[in-house]
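# A closer look at the structure
So you can see what is in the structure, the chains are spelled out below.
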Amino acid sequence: MHIHILGICGTFMGGIALLARAAGHRVTGCDANVYPPMSTQLEEQGIELIEGYDPAQLALNADMWIVGNAVSRGNPLLEAILDRDLPYTSGPQWLAEQILPGKWVLAVAGTHGKTTTTAMLAYLLESAGLNPGFLIGGVPQDFGVSARLTDSPFFVIEADEYDTAFCDKRSKFIHYRPKTAILNNLEYDHADIFPDLAAIETQFHHLVRTIPRLGRIIANGAEASLARVIERGCWSELEWFGRADGWAASEGSSVAHAVFALAGESLGEAVMPIAGEHNRLNALAAIAAARHVGVRPQDSVAALAGFKGVKRRLEVRGSVRGVTVYDDFAHHPTAIETTVAGLRRREPGGRILAVLEPRSNTMKLGTMKDRLAPSLAQADSVYCYANKLGWDPAEALTPLGRRAQTFDDIERLVAAVVSEARAGDHILVMSNGGFGGVHQKLLDALGAA
């Protein structure tokens, strides 16, 4: 079967492409504003990419058109597909029908940390010899691809609460029917489709309703929002993490270590390749989920030291003249704050120059603009790319005083950062998009300075 994917370079749809190809299908796809790491991954896998959504692509005569949720009514290719009554489906629906039947699905849901936790969980199962299939919203460095299909009964998936497609406004995770579900955290996000936190809690409640009695929910005990979700009904086994009477984690003998415990009993200390309390909780949830499929927690703790992390999660892109440039996917104020804090803990001796693109739909709407300055409080300098926003980022960043600057031109932003940078500094670039290739522009400019 020939499958053509609209919006193929999104992290989720790129994973669908790899799974479809592994299942024996011919796969092609199209997208706009193609950027790494997904475009690079697809090209390496020999999947043909077409720039844009020209209706001329109908000449491909695909047997199935899979439509990503970034594609809306009015898109010329989608309109042509609908006009000709061609067979189409969404990525989650295709996954649910073609890949997940018969699998023990382990799903990781939450506002933050989904990608890292999903990658950790897949890595722990891999370390235990379980050879899991997976679909992750990023490229885990331990595997080199965002998705794979295996003959293992286990499949690990990042379970996103964002809507499914133009024709299906339920959250993606409703399609997955997991037997093991991590509820990592829950706060307001996706202001373009959810009016308030209560609406997102309802979607999480719907997810809980799909989990069987023999299934297990592993939920963050520090989140009042998740407590409300569980109070609305829970029909499965339930374990809490992040509190003393359940699964707990604390800083170990150094910032780079973590001590894990279950009901007060120590499970051992692990070297953490990624810093911060939020990553200790991510690891804790992954350890608890792995136990549900038979992996001893002590074995998971020991395996953590080998976890390499995920691309675009405090990923070092290069170092020039003693200045290190990082790439991170952070785009929500909570994620921005924890990312800056994590880098500060890991590198306490150097300055942090934060370079931010408020690109997500929630940020573009200005819903969280009042939280932007506090989220960047630990940075020494802030450079914000005002990319046609509907609000004034300079005004939002006023509490930071002279530490913050805004730019509507990437070249001017790069020049300003490079003029301030000195040996020992850490340039932390945060965006959920390609950011105009700013990472390499910074490295090149540092080299030429």
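For the structure, see preceding data.
Attention here is on the structure that accompanies the text. (Residues numbered from 1 in each chain as written. Predicted model: local features only at pLDDT ≥ 70, side-chain atom pairs only at ≥ 80, totals over all residues. Heavy atoms only, no water.)

For the rest of this paragraph, the subject is the environment of Ala261. Mapped onto the fold, Ala261 is located in strand S16 (residues 257-262). In this structure, the C-alpha to C-alpha distance between Ala261 and Leu284, residues 23 residues apart in sequence, is 8.9 Å. Contacts of Ala261, omitting those with residues within four sequence positions, involve Gly246, Trp247, Ala248, Ser266 and Leu267. (Helix = DSSP H or I, 4+ residues; strand = E, 2+ residues; numbered from the N terminus. Contact = heavy atoms within 4.5 Å.)

Overall, parallel pairing links the five strands, which are arranged S3-S2-S1-S4-S5 in an open sheet. Edge positions in the open sheet fall to strand S3 (48-51) and strand S5 (88-90), since each of these has one partner strand only. Recorded for the sheet is a direction-independent mean angle of 25° between the axes of neighbouring strands. Relative to strand S4 (residues 64-67), strand S1 (residues 2-6) runs parallel, the two sharing four bridges. Within S4, the position partnered with Ile3 by the bridge is Met64. Contacts from helix H1 (residues 11-22) reach S1, strand S2 (26-31) and S4 within the one sheet, and its direction differs from that of S1 by about 175°. The sheet contacts of helix H3 (residues 76-83) involve S1, S2, S4 and S5, and relative to S1 the element is tilted by about 135°. (Pairing = 2+ DSSP bridges. Axes fitted to C-alpha atoms, helices over the stretch in contact; angles between N-to-C directions.)

What the rule picks out here adds up to seven aromatic pairs. Ring plane angle 40° and centroid distance 5.7 Å describe the contact between Tyr88 and Phe166, whose orientation is recorded as tilted. One end of the pair, Tyr88, is in strand S5; the other, Phe166, is in the loop between strand S10 (163-165) and strand S11 (168-171), and 78 residues separate them in sequence. Between Tyr383 and Phe407, the aromatic rings sit 6.4 Å apart at their centres with planes inclined by 25°, giving stacked as the arrangement. Of the two residues, Tyr383 is situated in strand S21 (residues 381-385) and Phe407 in strand S22 (residues 404-407); the sequence distance between them amounts to 24 residues. Taking relative accessible area as the criterion, Phe407 reaches 6% and is therefore assigned buried. Here the guanidinium or amino end of Lys172 rests over the ring plane of Phe12, the centre of that ring lying 5.5 Å away. Over the ring of Trp104 we find Lys179, and its NZ or CZ is 3.9 Å from the ring centre. (Phe/Tyr/Trp six-rings, centres within 6.5 Å; stacked < 30°, edge-to-face > 60°. Buried < 20%, exposed > 50% of the residue type's maximum accessible area, 1.4 Å probe, protein only. Lys NZ or Arg CZ within 6 Å of the ring centre and 35° of its normal.)

Bringing H3 into the picture now. Along an α-helix, residues three or four apart share an orientation, since each turn contains 3.6 residues. Taken as a whole, H3 has its buried residues at Leu77, Leu78, Glu79, Ala80 and Ile81. Structurally, H3 contributes buried residues whose contacts are with S1, S2, S4 and S5. By the N-cap criterion, in which a side-chain oxygen at the helix start approaches the backbone nitrogen of a residue two or three places on, H3 is capped by Asn75, the distance to Leu77 being 3.0 Å. Looking one or two residues past H3, Asp85 carries a phi angle of roughly 55°, positive in sign. (Polar contact = N/O pair within 3.5 Å; in protein donor to acceptor, adjacent residues only side chain to side chain.)

As a further point, take the pairing of strand S19 (residues 323-328). Most of S19 sits out of view: six of its six residues are buried. Across five bridges, the pairing between strand S18 (residues 315-320) and S19 is antiparallel. Residue pairing for S19: Ser319 is matched across the bridge by Thr324. Turn length for the S18-S19 hairpin, with the two strands adjacent in sequence and antiparallel, is two residues, and the turn residue Arg321 shows positive phi of about 55°. Sheet topology note: the S19/strand S23 (residues 426-430) ladder contains five bridges and is parallel. If you follow Asp328 over to S23, its bridge partner there is Met430.

Let's shift gears to the sheet that holds strand S20 (residues 352-356). Judged by pairing direction, the sheet is mixed, and its six strands sit side by side in the order S18-S19-S23-S20-S21-S22 without closing on themselves. Every interior strand has two partners, whereas the edge strands, S18 and S22, have only one. Ignoring strand direction, the axes of neighbouring strands in this sheet form an average angle of 20°. Pairing of S21 with S22, which is carried by four bridges, proceeds in the parallel orientation. If you follow Cys384 over to S22, its bridge partner there is Thr406. Contacting S19, S20 and S23, helix H10 (residues 333-346) crosses the sheet at an angle of about 160° to S23.

On the secondary structure map, His2 appears in strand S1. Among the polar contacts listed, one links the side chain of His2 to the side chain of Thr28, at a separation of 2.9 Å. Every residue in contact with His2, bar those within four places of it in the chain, is listed here: Arg26, Thr28, Leu60, Asn61, Ala62, Asp63 and Met64.

This brings us to H10. The first and last C-alpha atoms of H10 sit 20 Å apart over 14 residues, in line with the 20 Å expected at 1.5 Å per residue. Among the residues of H10, Pro333, Thr334, Ala335, Ile336, Thr339, Val340, Gly342, Leu343 and Arg344 are the ones counted as buried. (Expected span 1.5 Å × (residues − 1).)

In this model, Arg177 sits at a positive phi of 50°, which is unusual for a non-glycine residue. Inspection of the secondary structure puts Arg177 in the loop between S11 and strand S12 (180-183). At Arg321, a residue that is not glycine, the phi angle is positive and equals roughly 55°. Counting through the fold element by element, Arg321 comes out in the loop between S18 and S19. Relative accessible area serves as the criterion here: at 44%, Arg321 is assigned to the partly exposed category.

Attention shifts here to the packing of helix H14 (residues 410-420) against helix H15 (residues 438-448). Contact geometry of H14 with H15 gives a least axis separation of 10 Å together with a crossing angle of 45°. Taken together, H14 and H15 sit at an angle that is classed as oblique. The way H14 lies across H15 gives a crossing that is right-handed. Mapping the contact onto sequence places Ile410, Glu411, Leu413, Val414, Val417 and Val418 in H14 and Val438, Lys441, Leu442, Ala445 and Leu446 in H15. (Parallel < 35°, antiparallel > 145°, perpendicular 65-115°, else oblique. Left-handed = near helix turned anticlockwise from the far one by under 90°.)

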